[in-house]
Amino acid sequence: MISVNSISKKFGRQEVLKDFTLSFDKGNSYAIMGPNGSGKTTLIKSILGMVLPDSGEILVKGRSIKGKEDYRKDVGYMPQIGRYPQNMKIGQLFSMMKDMRPEIREYDLDLVEAFELEKIKEKTMGTLSGGTTQKVSAALAFLFNPEVLVLDEPTAGLDPIAAETLKSKIRKEREAGKLILITSHILSDLEELTNQAIYIFEGEVFFNDSIESLKEMTSEEKFSPAIAKLMQWTLKKKSTTKVLTHA
Ligand SMILES: Nc1ncnc2c1ncn2[C@@H]1O[C@H](COP(=O)(O)OP(=O)(O)OP(=O)(O)O)[C@@H](O)[C@H]1O
């Protein structure tokens with residue numbers, strides 16, 4: 001459903017994505033992992049058209065997204081930190097988003113209801129706590145019933161009840177056959193919510209397979225120690241590279 005073909009991206013002299021190739025298939029939920037600064041958000045933003053790769057191409061349903069906007073209607077995005085007009089009320093924000101998609105008449109209000117956003121629709125965005133802003137972001141991501149959900153650190157900042165509510169919703173959508181991409185540092189969330197693991201290290205794909213294969217390859221029964229092993233391997237690779245560079 002989404003193919004990322006040989007994309008590279010530099011910010012100044014820093015190569016953040018290096019000849020990056022991946023594909024994401026419908027009905028699967030992908031854990032996108034890697035240390036801070038490894039390029040996860042840059043990858044996600046490239047798929048969303050918010051970052052323009054220097055080379056390579058990204059295809060959604062077989063069509064290049066370059067210069068296109070319309071594919072975005074199939075993609076729901078929950079950012080790590082949602083930025084909204086500070087003086088806008090919650091209710092106005094939802095109305096504005098709906099007005100931007102006049103062709104869509106049916107909304108997925110599961111999270112609007114579960115988070116009781118209707119009750120606080122008169123509150124302005126600038127006055128909300130971080131967690132409430134995250135609830136708004138989550139509800140907006142699912143609102144138009146998109147085929148693809150891109151969730152950047154979705155449970156960060158949510159209280160335990162809200163986090164469980166969001167996780168149940170993610171599971172429900174995955175069971176309905178959606179494609180889900182999740183970045184998170186919370187391994188227990190990823191284990192619960194995903195079946196495919198992608199590990200990015202210094203802008204390169206270091207691992208890309210099912211979570212079952214990851215466990216087999218690392219000879220670990222549990223997800224967390226399997227990821228820890230992957231991290232150790234990347235560190236070894238790094239020290240080996242340094243030795244080679246210095247030789
Ligand atoms: N707009 C930008 N301008 C300059 N550098 C950037 C920009 N966006 C990202 N970077 C740099 O690119 C690198 C990768 O950033 P990215 O946000 O993709 O990492 P990440 O894997 O999502 O990290 P984290 O786990 O901390 O969220 C970082 O070194 C970051 O500083």
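Going by what an unreviewed UniProt entry lists, the chain is known as ABC transporter ATP-binding protein and is assigned to Algoriphagus aestuariicola.

> When you look at the site of the ligand in this model, what are you seeing that I'm missing?
Around the ligand, the structure places 13 residues, and the nearest of them are Gln-14, Gly-37, Lys-40, Thr-41 and Thr-42. Within the backbone of Gly-37, an N or O atom sits 2.8 Å from an oxygen atom of the ligand. Side-chain polar atom of Lys-40 to an oxygen atom of the ligand: 2.7 Å apart, as the coordinates give it. Going through the elements one at a time, β2 (14-24) and α1 (40-47) are the ones with two or more residues in the shell around the ligand. Ranked by the residues each element gives to the shell around the ligand, the list is headed by α1, at 3 residues.

> Explain α1 here, please?
Given 3.6 residues per helical turn, the α-helix brings residues three or four places apart onto the same face. Counting buried residues along α1, 6 of its 8 residues qualify, which places the element largely inside the surrounding structure. Here α1 has its buried residues at Lys-40, Thr-42, Leu-43, Ile-44, Ser-46 and Ile-47. Looking one or two residues past α1, Gly-49 carries a phi angle of roughly 75°, positive in sign.

> For this particular structure, what's the right way to read the nonpolar core?
Across soluble globular proteins, you tend to see nonpolar side chains buried next to one another. Phe-94, Val-136 and Leu-166 are the most contacted members of the largest nonpolar core, which has 44 residues in total. Broken down by element, the residue count for this core peaks at 7 residues, all from helix α4 (residues 130-143). Apart from residues no more than four positions distant in its own chain, Phe-94 is found in contact with Val-112, Leu-117, Val-136, Ala-139, Leu-140 and Leu-143.

> Explanation requested: the sheet that holds strand β1 (residues 2-11) in the structure shown.
Either a parallel or an antiparallel arrangement is found when strands of a sheet pair, and the pairing is made through backbone hydrogen bonds. Taking strand neighbours across the sheet as the criterion, the 4 strands line up as β2-β1-β4-β5 in an open arrangement whose pairing is antiparallel. Each edge of the open sheet carries a strand with a single partner, namely β2 and β5 (63-64). Inspection of the sheet shows β1 paired to β2 by 7 bridges, in the antiparallel sense. Bridged to Lys-9 within β2 is Leu-17. Of the strands in this sheet, β1, β2 and β4 (55-60) are in contact with α1, which crosses β2 at around 60°.

> Looking at this model, I keep getting lost on the side chain of Ser-210. Mind explaining?
As for its position among the elements, Ser-210 is in strand β10 (residues 204-210). Within polar-contact distance, the side chain of Ser-210 engages the side chain of Ser-213 at 2.7 Å. Each residue touching Ser-210, except ones within four places of it in the same chain, is listed here: Asn-195, Gln-196 and Ala-197.

> How should the side chain of Thr-42 be read in this particular structure?
Counting through the fold element by element, Thr-42 comes out in helix α1. The exposure class of Thr-42 is buried, given its relative accessible area of 12%.

Definitions and cut-offs
- Residues numbered from 1 in each chain as written.
- Predicted model: local features only at pLDDT ≥ 70, side-chain atom pairs only at ≥ 80, totals over all residues.
- Heavy atoms only, no water.
- Near = heavy atom within 4 Å.
- Polar contact = N/O pair within 3.5 Å; in protein donor to acceptor, adjacent residues only side chain to side chain.
- Helix = DSSP H or I, 4+ residues; strand = E, 2+ residues; numbered from the N terminus.
- Buried < 20%, exposed > 50% of the residue type's maximum accessible area, 1.4 Å probe, protein only.
- Core = buried A, V, L, I, M, F, W, Y, C linked by side-chain atoms within 4.5 Å.
- Contact = heavy atoms within 4.5 Å.
- Pairing = 2+ DSSP bridges.
- Axes fitted to C-alpha atoms, helices over the stretch in contact; angles between N-to-C directions.

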